[in-house]
Amino acid sequence: ARRGAARPRRAAAAMSKGGARPSFADLPLEPKKSLRCCLNCKLVKTFEQFIDAGCDNCPFLNMQSDQDRVTECTSSNFDGIISVMKPQESWASRWLKIERTLPGCYAVYVAEQLPQNVRDELEGR
C-alpha cells in the first residue's frame, strides 16, 4: 500500500458483537455548509445522519426519524470542528467538556443552546 493512501472505512468493524452501540460516532461526509451540530454535546453530523441515527451521544433527545426535532436540537451555526479519537485522554476534549462522548467530530464553539421547551422536557424526566 502507498504511504498516506486512504484506507477503506470499516463501519462494520466499529460494531461490537450483538449489534451493540458503535465505538465511534458517525463521521460527517458532506461539505461544511450542510453540517449541523447537536446543541447538547456538539457532535457534528449531516442533517440526514441525525435523521437516520439521531445523536450518538444523546439518544434521549429522540432525533431519529424526526426532522422537526433535528431542526430544534441541532444548529448549522457553529465555529470550528475538532476530531477526537480518545475523548477520555484528550486535553482538547476536556477543554471542550466532551470527554465523556464517543470518538467523532465536534464543534469547537456553538453560540446557541437547546430551546427552553426541550430543556424543560429533559428536566421533567
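Now for a quick tour of the structure. (Residues numbered from 1 in each chain as written. Predicted model: local features only at pLDDT ≥ 70, side-chain atom pairs only at ≥ 80, totals over all residues. Heavy atoms only, no water.)

### Describing the overall build of the protein chain
Where we set the bar: Only DSSP runs of H or I covering at least 4 residues are called helices, and only runs of E covering at least 2 are called strands; the numbering of each starts at the N terminus. Partly exposed describes any residue whose relative accessible area lies between the buried limit of under 20% and the exposed limit of over 50%, with all areas from a 1.4 Å probe on protein chains only and scaled to the type maximum. Using a 1.4 Å probe, the Shrake-Rupley method yields the accessible areas, and only the shown protein chains count as cover for residues.
Scanning the protein chain from N- to C-terminus turns up 5 helices and 5 strands. In the protein chain, the succession of helices and strands from N to C terminus is α-β-β-α-α-β-β-α-β-α. Taken over 125 residues, the protein chain has a buried fraction of 38%. Counting every atom, the protein chain has about 8,300 Å² of accessible surface; 50% of that belongs to carbon and sulfur.

### Some remarks on the pattern of salt bridges
What counts is decided by this rule: What makes a salt bridge here is a side-chain nitrogen of Lys or Arg within 4 Å of a carboxyl oxygen of Asp or Glu, nothing more.
Under the counting rule described, the total for this entry stands at 3 salt bridges. Glu72 is paired through a salt bridge with Arg69; the nearest N and O atoms lie 3.7 Å apart. Of this pair, Glu72 and Arg69 both sit in helix H3 (residues 67–73), 3 residues apart, which is roughly one turn of that helix. On the basis of relative accessible area, Glu72 is assigned to the partly exposed category, the value being 27%. Among the residues examined, Arg69 registers a relative accessible area of 10% and is labelled buried.

### Looking at the packing of aromatic side chains
Rules: Planes of paired rings set the category: under 30 degrees apart is stacked, over 60 is edge-to-face and the rest tilted, where pairs are Phe, Tyr or Trp rings (Trp by its six-membered ring) whose centres lie within 6.5 Å. Charge over a ring is defined by NZ of Lys or CZ of Arg lying within 6 Å of the ring centre and within 35 degrees of the ring normal.
Going through the model one piece at a time under the given rule, you end up with 0 aromatic pairs. Here the guanidinium or amino end of Lys45 rests over the ring plane of Phe50, the centre of that ring lying 5.2 Å away.

### Regarding the sheet that holds strand S2 (residues 44–46)
So the rule is basically this: Strands were regarded as paired on the criterion that DSSP finds at least two bridges between them.
On the basis of which strands lie adjacent, the open sheet formed by 3 strands has the order S2-S1-S3 and antiparallel pairing. With one partner strand each, in any of the chains shown, S2 and strand S3 (74–75) form the two edges of the open sheet. Relative to S3, strand S1 (residues 35–38) runs antiparallel, the two sharing 2 bridges. By the bridge assignment, Cys38 is partnered in S3 with Thr74.

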